[in-house]
Structure formats: structure tokens, C-alpha cells
Amino acid sequence: MDLLSNLNEVQREIVQDTEGKLLVLAGAGSGKTRVLTHRVAYLVAEKGVWGSSVLAITFTNKATAEMRERLDVLLGPDHGVWISTIHSLAARILRRFGEHIGYDSNFSIYDESDSARMISKVITEAQIDDNRIKEALKEHIGKAKNEGMSPEEYFYEINGLVNDAELIVKLYARYEELLKHNNAMDFDDLLHKLKKLLMTSDECLSYYQNKFRYIHVDEFQDTNKVQYEIIKMLAAKWGNLFVVGDDDQSIYGWRGARVENILNFDKEFKDAKVHKLLENYRSTEEILNTANNVIQNNKARHEKKLFTNRGKGLKVEYYNAWNDRNEAEWVVGKIESLIFYNGYRKKDFAILVRANSLTRIFEQMLQTSRLSYRVVGGYKFFDRKEIQDVLAYMRAVANARDNVAIERIINFPARGIGDATIDKLGVYSYEMQVSTLNVLLSLNDHAGRLPKGIAKKVEVFADLMKDLYLNKGMPVDKFMQYVVEKVGFEQAYLSTKKEEDITRWENVQQLINYAKEYSAKNPGASLEDFLETVSLEESGKDEDPTSRDKITIATMHSVKGLEFRVVFIVGCEEEIFPSSQALKAGELEEERRIMYVAITRAQERLYISNAQRRFRFGKVQDCLQSRFVQEAKGENENAYKLFGERKAYLDGLGKRPSYLDDEPASSRIRESQATRARAVVPQPKVVKPVAKDLTGYVGGAKVKHPNYGEGTILVVLGEGANATATIAFPGLGVKKFIIALAPLTLIK
DNA sequence: AGACTGTGATTTTTT
DNA sequence: ATCACAGTCT
């Protein structure tokens, strides 16, 4: 049979095992997506299951696109299978049934920046002038929603653990109220409210339960609590739930992903069948071994030994660069030589970074070498101010209650309308119990209450909005052009003669092109449809990776699921990778999984590098090689010790570790740097990480942290250098630290 | 209301 | 280095 012929035995078995609950533990590069798509295709083509009763949930838009593409090949384009991210699934269901829980179907979706505006507003409104609370509040709200907790429920969760629990919950509740008032949902809400809807409305629940007879979840290790609950509810009727994932690739813990979902799946469902995909089809043995060297340092994982038939392959190369520029030169030099002598193409290469801020130097270096590249992740086109502004005009008329959108544009382009006036309009809106847009649309009734001059200005804006409102039924691309023209974006940007503004205008035009493409592809799509696509699938808009021959520069997170013949893992320095916040929070294992994901992207050649000095935060800084480098080399049992010695040496304490002798000549230059620095700069006090006395760090002890202040240890886990402490900081929440490394001091 | 100035944080990752 | 934000001046 055609469908099964290009699968291995295990894969074939999984594909044919169609009924009931199935957990597939799929190692990196083991053909996970292949199994998933073939299984769906098998259901439809061989089992005669109707495509529209099959649901496949993926984690990113990229994965959605890839899966749809592959399925189109296997089944032809009209298979009707519902493939989407869980967020857009939620949005679709909520548009249809949202009124059951009090939402209009045209609700706005607030992205990170909209939501940040709202949070600021809530804080200002409560007259709190503590700068630190914004971040904390954001974190709390996200956490509460990811756990699926209402303000009340969340209060019980944190009460007693966090000092300002009451305040935080009050602000969370107010934030919710405002969202509701604006007929808007943030990203987390899409899930949170979907759960609520499914629990409230039998009609909605049974509709989708009946519809989806077979449910598939990709990247299951990345699901959070609410997502899992939603999936379980949807699958409750037919019980056909197929989940695939790899606990070693769980790298979204910071967003509430719970590895336990995958670790406990077979315990939760006793009848679940478990399959393992252990054959790696992607990488050579050398690369796979490197990956294994790293990941085996993690404690919380399913032990799995991947194998490959790709042969031994080439040794992994390491480079300890003298500075960031030198590192980039090395990378580009390697690329040039591989292209010239070994016949590689540009699209075969990926340069992987931990954080977006590291990409710049590689971009520069590739530009000077005339090598074309693309940057994945990073600042998104749709996050640009000018794009958000155009969209805000469209949003404001699509959802009349979207006050965040109105406030965003009421004074752009500048119309002389300030905060005071906006507040007044808010008051009228409250008095009349109508939306701010409605206040504007019927401004005549209120204009008398505003100062004369201001009233004139507001009227101009009101007339504009009225005009746009009356024309919102146009085809999406036409409407956008109409908006841009009426608002006068071109005038606003081109009159200043500033380089930056010209670019902005070009971006607006690009947005119009995007809208044209969209309209052509989706004739008859409504304004709401368009806005939803933009807010949930904006990154899917990127050109597809294989079409152009370009080098890829990307964050390690954004290449999950992809593969490249040659991979460079750069910027392997402490505080960068592992990141400083991960170190602070004691989330080393997740960082290590990120390293694992990065390594396993490579098919043939892998290069790992670090720079000893790097330009960061406006100045050149000394950097310490990441402990992951030692782990990758297979010296993992010594990694912590070496790391400690090396840090002491660079800090001007301790003697030169002998293993440094094996490193390239550049490190000797570095040594003279260290010596010089030592001579000139008075030494700051340094705590030797390995020598720290750990006694006294027990549950109940009070400790002090330079950034978080005083806190109480809740529990200590592990021993020695690995011991972690979970500490409650009043008002800031609970954090985890590695005691030996964290800057903690005991207080009596 | 808007322009100007100084300060302080910022750099983790994504829907 | 760069940017956002708060505070002050015009």
C-alpha cells in the first residue's frame, strides 16, 4: 500500500493503530511529523473517515503550514481536515459560540503590546507608582490564565505565598473587566475563555465533541494546563486521542508548558498505548552523541537512547573566539569555504542564537561577504508601529468597543488631542453606557461639554471614524487602502523627510500588498477574518524557508522541527546561554533542552562557538564559555568543576586551568587581557561558586537576594552543587535557584 | 498639548 | 547603544 510503504515498521504500526488513546514518544528527527501526517491520511484514505471530523493541533503556524502542505500532497487539497494551532482553533470556536459566555463574535484579539497597554492603564488607574509591579503583574496574569484560574481561584493559589496577593488579584480582576468591556481577548484568554465556554455551554461542547472523532496533538510536551484540559474535553466523547512529543524538547516551560502532561499521560489514561520512535533519520552519530552528552545531564526526563544509520560522520568542531567579531568571521569563513570547496548551498546553513539580540553581528558579516540570509524570529513586521496603527484603525471599526485601538489612533497622526480629552470621552462613554466609538459617532450631543478648540479637533476625528465605519464592508484590501488614504498616512510620513518615516511608509505599502494577496486568496473574507489572521498567523506570512537559497539566522526556539545540513550554535556563553534569567530562576534543565534542540537540528556538520568578549549593553564585556560546551565535548562529569575553575581564573582568583592549554591561540591573547584587566581595575568581591557553604539553606530559612530582596525558603531539593531552593519573595512570587550559583545570603 | 531632557532598564524564548 | 518613560518647560 502506497501510504505505508515509506514508513519504517514502528511508524507503520503507529499509523495503523487508529483507535483509542495513543502516546508517541518521538525522539528528535525520528519522523514525527511524517507519522502524524500519514496517520491522518490513513484515517481519511483507508479508513474512510470524513476529513472534517479529524482535528490536528499544532504548536506554531509554521508547523500548521508544513503539515497542511504535506497532507495536501497525500490526500489532495480538499481533504477538509481541520489543522490549526490551538489558538486559532479557540478563536474560531469563540467567534461562533462566544455569545454563550457574553462575547460578541467580533471580539478583538490583543497582542502582547495591546495587553501591556491595558496593564499599564490598570496600574495607573489604581494609582500605584511602583515600577516593578508591571512586570510582576504581567507574569501573574499570564500564570493564572495558563493554569486556567479566575481571579478568585488565583487568590487562593497565591494567598499567603505572595505579599500583595490581594492587590495583584484585584488588578488582575480589573484587567479582565477592561478586556471584557472592550470586547477583547488576549492570547491567553483565547484558551482560558474557550475552556469556560466548553464548560458552560453544552450545546457548544457537544457540537465539537461530536464533530471531532479523531484528535491529534503535535508537540505535546509544550501544552500547558488549560490547553490540556481543552483537549481532554474535546476528546471525551470518542476517546480517540493521539499525542506526539518529546520530553527532551520541552522548551516552553516559561510559558506554562507542562512536561508532566507527557510524562504522566499513560498513568492518567490506563488504556493508553505507548509507542517510541527512537531511530533518528537526520543526524550523524557524532552529532547524535553530542546531543546525548548534553541531555544526559538532565534529571527530569525519560531515558531514551536514539540511534542512527547515517554513519559516524564528521567530528563536531568547537571555536573559542577572541571576541564577537572574530566569532562571526570564523562562522562566515567556514560557510564560504564549505560553499566553495564542498558544494553546499546557502540554504543548507543555519546560525542559531539563544537571543535575538545576538543576530546583528552575523547579519553584518554576511552582508559584507555578499551572502544572502534571512532572519527568523526577531522583530516582526506586524509589530511595527506603523503597521499596528493601520490595523488599529481597522480594528476600531470592526469592534466598536475596542478602546485600546481608539486610544492608539485618536492622536495619530497628531490631531492635538491629549490624555485629558481622552479621559473625558471615557467619562461620557461610561455615563451613556456606550462605547467610545459611539460617543464619537454621536459627538454632537457631547461636543458642547468640551472646550471649543478641542471640540473642533475631536470632531474632525469623529467624522473620519464615521466615514470609515460606513465603509467597512468593502473588500479587505480596498478598505485598507481607503483607510490609509483617508487617514493620510502618506502625508504624515512623507512630509517629515526623515529616513525613518520613509521606511515606515514603505512598510505601510507592504502591508497593503499583503492585504491584496490575502483578498485574492480569500475572496469574500470579512474584516474580522482578516484581523484574526493577522493577529494569530502573522508569522506564517514569512516566505517559506526552502524557496530561496539563503542562509538562515534564527533563534533556537524558532527552528524547532526544522533541519539543516550545517548548523552553527553561536554565542555559547554563560549569562547568554544559559541565559541570565534562567540561571537566576534555576531553570538550567530547560536551557539544556534548548541546547539539545539546537544540536539535533544538524544533519551533517555541527559547529559550536563562543566569544571571550562581547559587545553588550553598550560596552565590551568579558564572557565565560558556556558550561554546555564542556558538556557537549563529553567532559560533562567535570563540567561544573571546570566551570568553577575557569570562572575563578577569569575573575582573577585561582590559577590557570590546565585544559585551557588545548584551546586555540586566541585564548592566549585573552589571557593577557585578563592580566591587564587585573592590573588596572580594582577587583570586585567575587564569590567562588564551588566553594559556597550550603549548610543553613533549609526549608524555612530566611535569605536575601540582591534583585529580589528578602525571602523564605520553601523547600530545598537535591544536594551539593545541584541543590535548588524554591524561595518565596513577598510581592514577587516564588523563584527557584541553584544555591551554589545564585547570589543568595542567609539572614538571621 | 507637545517638545525636550535626563534617567534607567534592556536582551529569552512565542501564540 | 538605544529606547521607553517620567518630568519639566514652552
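Refer to the preceding data block for the structure.
Below or above, wherever it landed, is the structure these notes cover. The structure displayed is predicted, hence computed values, not measured ones.

1. Digging into the overall build of chain A
Alright, step 1. Along its length, chain A carries 32 helices and 23 strands.
Alright, step 2. Expressed as a percentage of the 748 residues in chain A, the buried residues total 54%.
Alright, step 3. Taking all contacts inside chain A whose residues are at least 6 apart in sequence as the whole, residues at least 24 apart take part in 73%.
Alright, step 4. Just so you have it, chain A exposes about 33,900 Å², and 50% of that area is on carbon and sulfur atoms.

2. Overview of the protein's contact with DNA strand B
Alright, step 1. The immediate surroundings of DNA strand B are formed by 26 residues, with Arg-255, Arg-354, Asn-356, Gly-418 and Gln-581 found nearest.
Alright, step 2. At the protein interface, 54% of the atoms of DNA strand B within 4 Å belong to sugar or phosphate.
Alright, step 3. The side chain of Arg-255 places a nitrogen or oxygen atom 2.6 Å from a base oxygen of DNA strand B.
Alright, step 4. Within the side chain of Asn-411, an N or O atom sits 3.1 Å from a phosphate oxygen of DNA strand B.
Alright, step 5. Tallied by class, the residues present in the surface near DNA strand B amount to seven nonpolar, 14 polar and five charged.

3. Focus: the side chain of Arg-614
Alright, step 1. Here Arg-614 lies in strand E17 (residues 613-616).
Alright, step 2. What makes Arg-614 buried here is its relative accessible area of 3%.
Alright, step 3. There is a polar contact of 2.8 Å between the side chain of Arg-614 and the side chain of Glu-573.
Alright, step 4. The contacts of Arg-614, once residues within four sequence positions are left out, are Asp-324, Glu-327, Leu-358, Gly-571, Glu-573, Ile-576, Lys-619, Val-620, Gln-621 and Cys-623.

4. A short note on the nonpolar core
Alright, step 1. Counting 64 residues, the largest nonpolar core has Ile-351, Phe-568, Ile-569, Leu-606 and Ile-608 as the members making the most contacts within it.
Alright, step 2. Top element by residues in this core is helix H29 (residues 588-599). It accounts for seven residues.
Alright, step 3. Excluding anything up to four places from it in sequence, Phe-568 contacts Trp-330, Val-331, Lys-334, Ile-335, Phe-349, Ala-350, Ile-351, Leu-352 and Tyr-607.

5. As for the environment of Val-15
Alright, step 1. Checked against the element boundaries, Val-15 lands in helix H2 (residues 9-16).
Alright, step 2. Using a relative accessible area of 0% as the deciding quantity, one classes Val-15 as buried.
Alright, step 3. With 26 residues separating them along the chain, Val-15 and Ala-41 place their C-alpha atoms 9.2 Å apart.
Alright, step 4. Here Val-15 is in contact with Leu-4, Leu-7, Val-35, His-38, Arg-39 and Tyr-42, once residues within four sequence places are set aside.

6. Quick look at the pairing of E17
Regular strands show a simple pattern: their side chains alternate between the two faces of the sheet.
Alright, step 1. Two elements, E17 and strand E18 (residues 619-622), share four bridges in a ladder whose sense is antiparallel. Each residue of the ladder has a partner; that of Arg-616, found in E18, is Lys-619.
Alright, step 2. What sits between the antiparallel neighbours E17 and E18 is a turn of two residues, in which Phe-617 has the positive phi angle 50°.

7. Overview of the sheet that holds strand E12 (residues 349-353)
Hydrogen bonds along the backbone pair up the strands of a sheet, which may run parallel or antiparallel.
Alright, step 1. Judged by pairing direction, the sheet is parallel, and its six strands sit side by side in the order E11-E16-E15-E12-E14-E13 without closing on themselves. If you trace the sheet from one side to the other, it starts and ends with strand E11 (317-321) and strand E13 (373-376), each paired once. When strand polarity is set aside, the average angle formed by the axes of neighbouring strands in this sheet is 20°.
Alright, step 2. Here E13 pairs with strand E14 (residues 551-555) via four bridges, running parallel. Paired with Arg-374 across the strands is Thr-552, a residue of E14.

8. A word on the side chain of Asn-297
Alright, step 1. If you trace the backbone, Asn-297 turns up in the loop between helix H15 (285-295) and strand E10 (307-308).
Alright, step 2. Its relative accessible area of 17% is what places Asn-297 among the buried residues.
Alright, step 3. A distance of 3.1 Å separates a polar side-chain atom of Asn-297 from the backbone oxygen of Val-294.
Alright, step 4. Within polar-contact distance, the side chain of Asn-297 engages the side chain of Glu-631 at 3.3 Å.

9. Structural notes on the packing of aromatic side chains
Alright, step 1. In this structure the tally under the stated criterion is 28 aromatic pairs.
Alright, step 2. By way of ring pairs, the aromatic residues Trp-82, Phe-97, Tyr-207, Tyr-208 and Phe-212 are connected into one cluster.
Alright, step 3. Positioned over the ring face of Tyr-207 is Arg-96, at 4.5 Å from the centre of the ring.
Alright, step 4. Note that Lys-232 overlies the ring of Tyr-228, its terminal NZ or CZ placed 4.2 Å from the centroid.

10. Digging into the pattern of salt bridges
Charged atoms that come close allow side chains of opposite charge to pair.
Alright, step 1. Scanning the model with the defined rule gives 47 salt bridges in all.
Alright, step 2. Close ionic contact of Glu-407 with Lys-121 constitutes a salt bridge, the shortest N to O distance being 3.2 Å. In this pair, Glu-407 is assigned in helix H19 (residues 403-409) and Lys-121 in helix H6 (residues 112-125), connecting sequence segments 286 residues apart.
Alright, step 3. For Glu-286, the salt bridge is made with Lys-312, and the minimal N-O distance between the two is 2.9 Å. Here Lys-312 lies in the loop between E10 and E11 and Glu-286 lies in helix H15, a separation of 26 residues in the sequence.
Alright, step 4. Among the ionic contacts, a cluster of salt bridges with common partners joins Asp-246, Asp-247, Asp-248, Arg-301, Glu-303 and Lys-304.

11. Remarks on a nonpolar patch on the surface
Alright, step 1. Taken together, Leu-161, Leu-714 and Val-715 make up a surface patch of nonpolar side chains, about 210 Å² in accessible area.
Alright, step 2. Looking at the secondary structure, you find Leu-714 in strand E20 (residues 709-717).
Alright, step 3. Relative accessible area serves as the criterion here: at 40%, Leu-714 is assigned to the partly exposed category.

12. Examining the environment of Phe-381
Alright, step 1. For Phe-381, the position within the fold is in the loop between E13 and helix H18 (385-398).
Alright, step 2. The exposure class of Phe-381 is buried, given its relative accessible area of 16%.
Alright, step 3. In the structure, Phe-381 is positioned 130 residues away from Leu-511 in sequence and 9.0 Å away in space, judged by C-alpha atoms.

13. What about the packing of helix H5 (residues 86-97) against helix H11 (residues 202-211)?
In a pair of packed helices, the angle between the axes and the distance between the axes together describe the arrangement.
Alright, step 1. Contact pair H5 / H11: the axes reach a minimum separation of 11 Å and the direction vectors enclose 135°. In terms of axis orientation, H5 runs oblique to H11. As for the relative orientation of H5 and H11, their crossing is right-handed in sense. Each of Ile-93, Arg-96 and Phe-97 in H5 lies in contact with H11, whose residues at this interface are Glu-203, Cys-204, Tyr-207 and Tyr-208.
Alright, step 2. Class assignment for the residues of the contact of H5 with H11 results in five nonpolar, no polar and two charged.

14. Some remarks on H29
Alright, step 1. For H29, with twelve residues, the first-to-last C-alpha span of 17 Å sits near the 16 Å given by 1.5 Å per residue.
Alright, step 2. For H29, a buried count of eleven out of twelve residues is recorded, marking the element as mostly surrounded by other parts of the structure.
Alright, step 3. Looking only at H29, the buried set comprises Leu-588, Glu-590, Glu-591, Arg-592, Arg-593, Ile-594, Met-595, Tyr-596, Val-597, Ala-598 and Ile-599.

Parameters at a glance
Residues numbered from 1 in each chain as written. Chains lettered and ligands numbered in written order. Predicted model: local features only at pLDDT ≥ 70, side-chain atom pairs only at ≥ 80, totals over all residues. Heavy atoms only, no water. Helix = DSSP H or I, 4+ residues; strand = E, 2+ residues; numbered from the N terminus. Buried < 20%, exposed > 50% of the residue type's maximum accessible area, 1.4 Å probe, protein only. Contact = heavy atoms within 4.5 Å. Areas by Shrake-Rupley, 256 points an atom, 1.4 Å probe, with all protein chains shown as cover. Near = heavy atom within 4 Å. Polar contact = N/O pair within 3.5 Å; in protein donor to acceptor, adjacent residues only side chain to side chain. Nonpolar A, V, L, I, M, F, W, Y, C, P; charged D, E, K, R; others polar. Core = buried A, V, L, I, M, F, W, Y, C linked by side-chain atoms within 4.5 Å. Pairing = 2+ DSSP bridges. Axes fitted to C-alpha atoms, helices over the stretch in contact; angles between N-to-C directions. Phe/Tyr/Trp six-rings, centres within 6.5 Å; stacked < 30°, edge-to-face > 60°. Lys NZ or Arg CZ within 6 Å of the ring centre and 35° of its normal. Salt bridge = Lys/Arg side-chain N within 4 Å of Asp/Glu carboxyl O. Patch = residues over 30% accessible without salt bridge, like charges linked within 9 Å, V, L, I, M, F, W, Y side chains within 5 Å. Parallel < 35°, antiparallel > 145°, perpendicular 65-115°, else oblique. Left-handed = near helix turned anticlockwise from the far one by under 90°. Expected span 1.5 Å × (residues − 1).

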